[in-house]
Amino acid sequence: MSTVQQPHSTAEALLADGTTVEIRPLGPDDHRAVLGLHTAGMSEESRRMRFFGVSRNAPEQAADRLCGPPRSGLLGFGAWAGEELVGEADCEVLDEPSETAELALVVADRWHGRGAATLLLEHLVHAARQRGIRFFEADTLFGNRAVHRVFADLGLPVERRCAQGEVRIRVPLDERDERYRSAVDERGRRAGVASLAGLLRPASVAVVGVSRRSGSVGRTVLGRIRRGGFAGEVWAVNPRAGEIDGRPAFPSVRALPAVPDLVVLAVPAGAVPGVAEECGAVGVRALVVLTSGLDAHQARGLMRACRRHSMRVVGPNSLGTAQTDPAVRLDAEFGGAFPRPGSAGIAVQSGGVGIALLQRLAWLGIGVSSFVSLGDKYDVSGNDLLQWWEADDRTDLALLHLESFGSPRAFGRTARRVTRTIPVLTVDAGRSTAGRRGAASHTAAAATPTVTREALFRQAGITATRSIDELVEAAALLHAQPLPAPRGAVAVVSNAGGIGILAADACADAGLLLPELPVGLADLLPPGASVRNPVDTTAAVTPVELTHLLRALEREPGIDAILVCLVPTALGVTPDRDPVYALLEGPARRRIPIAAVLLDQQVPVCYRTCADGGVLPVYSDSVAAARALGHARDRARWLAEPASAEADPPDCDRRTAGSLVDRYLAVHPEGGWLDPLSTADLLEAYGLPLTTSVWARDEHAAVAAARGLRRLGHEGRAALKAYWPGQVHKSALGAVRTGLATDAEVRSVYREFARRFGPELAGVVVQPMAAPGIELLAGIVQDQVFGPLVVLGMGGTAADVLADRAARLAPLSERDLTTMVAELCCAALLSGTGGAPPADLAAVRSVLARLSRLAEDFPEVVEADLNPVVVRPDGAVGVDARVRLERRPSFDPYLRRLRRPAVAEGE
Ligand code: ADP
Ligand code: MG
């Protein structure tokens, strides 16, 4: 299930108390409502504040202005709770063209203090920015504290000028302002958490669709809620059954003795919209829809009811939810056993994965705080749960299984914050979908769905694993042991040499270091032991010797983690008990993490309790243990990285680029590849370095151009490239000739092009030869759902074969610029090998930052590919660039709005 990313002229969003409102542009049909808002909705005093007096016809004038014939400079939005207009915000450019608009804002008295004003303002700011408006101005009365607080909270810097009891406010609209974005995030988080209370902390629950037949879904869930010891009231709803399990059942939600906070729906698909509407009408706060197989009509009916009545929805096709908080104790699912209370929060898209995860965590002994089976994710998503767990002090570990992302950029932003406080682990599903888009550029070829998702996880600090087992194995370590230092230096210890070597290999594969150990450690071990890393204690090691060794290793400043691999032998460690016994004598909680491997253990991972009451994760395989340590090291690195600011390249000329894009799309509404000259102009507007490229339509012009350009070229040479619309990779077709030193050579190459490409040939691009350097590929490609991906890699004509790449989702942070370069296999070449001077990495970083900004500013730039960028000690220059444009709606991923499932789109 994916969410359609389109700018909606209407959007639903949450107020601070969790109420859903619809935000939509005001129109002629809203006249009565707007008038009502300005009259019955406001006290005399509020009206005085708004209109600076008590003019009788001010409300009428306001309604006429907002809902009368369209005015070109006016933007007005209303927020609606069901049929009620909660408030309006509008801005009007009084003397066009201008970058300043006059702002007005009204919220009905009874809706004050619920964040409606800031929400409306956020949407208005966004729409205004789209129109090129950069400032709001407003006159307010000095005593209008409510309005002054709204502006103070907004997060944008506000200028105030006071005169004669009035305050003139001026607000620069910068949606990129990090303070503004954080303020928006914070409001979104609070509102999101408030809206989920009915779902995750309900005081009462009803199950609708409880048949008398035992084994039905509704009946099963009802039984589990009752047996699970739910702290509040539980009711069964069934139109026909008077009694179920000896207790009364009610014919409808309306007939219940009180309004339940949460309703679990196990009715047939056709009944879902009607029941949802009934629930909404009586004031239910949340629905869990277990029903599957809703068609588009039913999906729309469900969502309409939920939005209109401020209900959050889990599912459909959900397995249910569980909340172990003793104050709630809700087991409203039909998966495995009710989880043991604990601190892991779990959200899964697939119910089957959920059951498997719960089962494995139960075996391991990690308890659960809350569990949500998201199902088809019409509404509540992984993003919501992350925010809930962040605010919930019972949760210190988040486990996610997500097959699709509705709004990955918003998810990434939330996750980036949450992973700073708790580990967030995920099983990365859907890697095998090869789905490479028609790869006409190297950048597009690099942007596989896996690469895109990996970029998302990595930039958000999420621990991404490849299987349920790997997830549980990593969770076992992160949950019970301290993090290693970011360096990740491991001491491997084993009582059998060969096992130690395998474990050392596994550590190297996981990217961990195996430093040399001090020879003195040998004194602690039996004769014949080796203390090269891996340490071979020999089979004769005793528990006491092992304990001393671990203590010594723990004190070694060069060691960040210990991996102990043991096999039972007839000698040494506790012959007739298990060898791990020796470890359990010591503490589980040490300065550095310790993971054990017991080769004859049957389960992949389990906890063993140590002398200090702490637990030690024991794995059956060193590969799993090493991988878990690798994840822990990655998390330590993530935490050690200071949150880095967004890269902000200077002198990006948005206006010039914008008019170029608009011009092209006006002529080519279906989109396409820019010709070489427009490509050069667009890149230049964003300061992207492209070598001088002169366009020549005939032989004469080509020779003349080459004569001039050769002088700029390396060794006085030029390059000639044949061009025709729609061309893909040129050199493979013989359309690129480099190193041309004379007029005669240029002439003969031109004639050859003319012969070979015939009337198709539109002309040639003439360039000076760039001095040799390292050829990189840099580009962007827009993913419909994930947004722009920036790719850097080894370039040139063999780029796809070598596939040495680093990729990140835009916007790039300063830190991304550096780590992308460092991540490449060819990084060593760039930093200068064998006495060669290092390449100009600052120039490479600048290219990345500018591409990122271009992609952010223009979703229409669906593909841009600079290959190669020739990088040298004295700079970087692109010699080949391709740009594809397509009409794309601009979409602010950070604007607060609830998701819209694709299946429920349209009417
Ligand atoms: P395509 O990628 O479509 O095959 P390019 O324009 O990238 O065509 O040219 C192919 C290769 O030729 C480049 O990777 C680069 O090695 C070399 N080349 C092209 N133009 C120049 C130039 N102006 N200076 C130096 N080398 C060039
Ligand atoms: Mg090329």
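Rules used in this analysis
Residues numbered from 1 in each chain as written. Chains lettered and ligands numbered in written order. Predicted model: local features only at pLDDT ≥ 70, side-chain atom pairs only at ≥ 80, totals over all residues. Heavy atoms only, no water. Salt bridge = Lys/Arg side-chain N within 4 Å of Asp/Glu carboxyl O. Helix = DSSP H or I, 4+ residues; strand = E, 2+ residues; numbered from the N terminus. Buried < 20%, exposed > 50% of the residue type's maximum accessible area, 1.4 Å probe, protein only. Expected span 1.5 Å × (residues − 1). Contact = heavy atoms within 4.5 Å. Polar contact = N/O pair within 3.5 Å; in protein donor to acceptor, adjacent residues only side chain to side chain. pLDDT = per-residue confidence, 0-100. Pairing = 2+ DSSP bridges. Axes fitted to C-alpha atoms, helices over the stretch in contact; angles between N-to-C directions. Right-handed = clockwise from strand over helix to strand, strands pointing away.

### Considering the pattern of salt bridges
In total, this model carries 60 salt bridges according to the counting rule given. Close ionic contact of R48 with E45 constitutes a salt bridge, the shortest N to O distance being 3.3 Å. With R48 and E45 both in helix α2 (residues 44–51) and three residues apart, this pair spans about one turn of that helix. Of the charged contacts in the structure, one is a salt bridge between R808 and D816, with a shortest N-O distance of 3.4 Å. A single burial state applies to R808 and to D816, both of which are buried. Here the salt bridges do not stand alone but share partners, grouping E12, R307, R312, D379, D384 and R900 into one network.

### A few points about helix α10 (residues 351–364)
An ideal rise of 1.5 Å per residue puts 20 Å on 14 residues; α10 measures up with 20 Å between its terminal C-alpha atoms. Among the residues making up α10, those that are buried are G351, V353, G354, A356, L357, L358, L361 and L364. Where α10 is buried, its residues meet β18 (341–348), β19 (368–373), β20 (397–402), α15 (468–480) and β27 (605–609). Its side-chain oxygen placed 3.2 Å from the backbone nitrogen of G352, S350 serves as the N-cap of α10. Just past α10, the residue G365 takes up positive phi, approximately 100 degrees.

### Thoughts on the confidence of the model for the protein chain
Overall, the predicted model of the protein chain reaches an average pLDDT of 91, with 96% of residues at or above 70. Across residues 1–8, confidence stays below pLDDT 50; counting only partners more than four residues off in sequence or on other chains, it has 30 contacts. For residues 434–438, every residue scores under 50 in pLDDT, and the model assigns this stretch eight contacts once sequence neighbours within four places are set aside.

### A closer look at the sheet that holds strand β5 (residues 100–107)
On the basis of which strands lie adjacent, the open sheet formed by eight strands has the order β1-β2-β3-β4-β5-β6-β8-β7 and mixed pairing. The open sheet is flanked by β1 (11–14) and β7 (159–163), the only strands paired with a single partner. Across this sheet, the average inter-strand angle for adjacent strands is 25 degrees, counted without regard to direction. Pairing analysis gives seven bridges linking strand β6 (residues 135–141) to strand β8 (residues 166–172), with the strands arranged antiparallel. Within β8, the position partnered with L141 by the bridge is E166. Against the sheet, helix α5 (residues 145–154) touches β5, β6, β7 and β8, its axis set at about 20 degrees to β8.

### A look at the pairing of strand β13 (residues 262–265)
The alternating pattern of β13 places L262 and V264 on one face and V263 and L265 on the opposite face, and all of these are buried. In the sheet, strand β9 (residues 204–208) pairs with β13 via four bridges, with the strands oriented parallel. Opposite V207, over in β13, you have V264 as the bridge partner. Bridge count between β13 and strand β14 (residues 286–289): four bridges; the pairing is parallel. Directly across from V264, in β14, lies its bridge partner V288. Between β13 and its parallel partner β14, the chain crosses via helix α8 (residues 272–282), and the hand of that crossover is right-handed.

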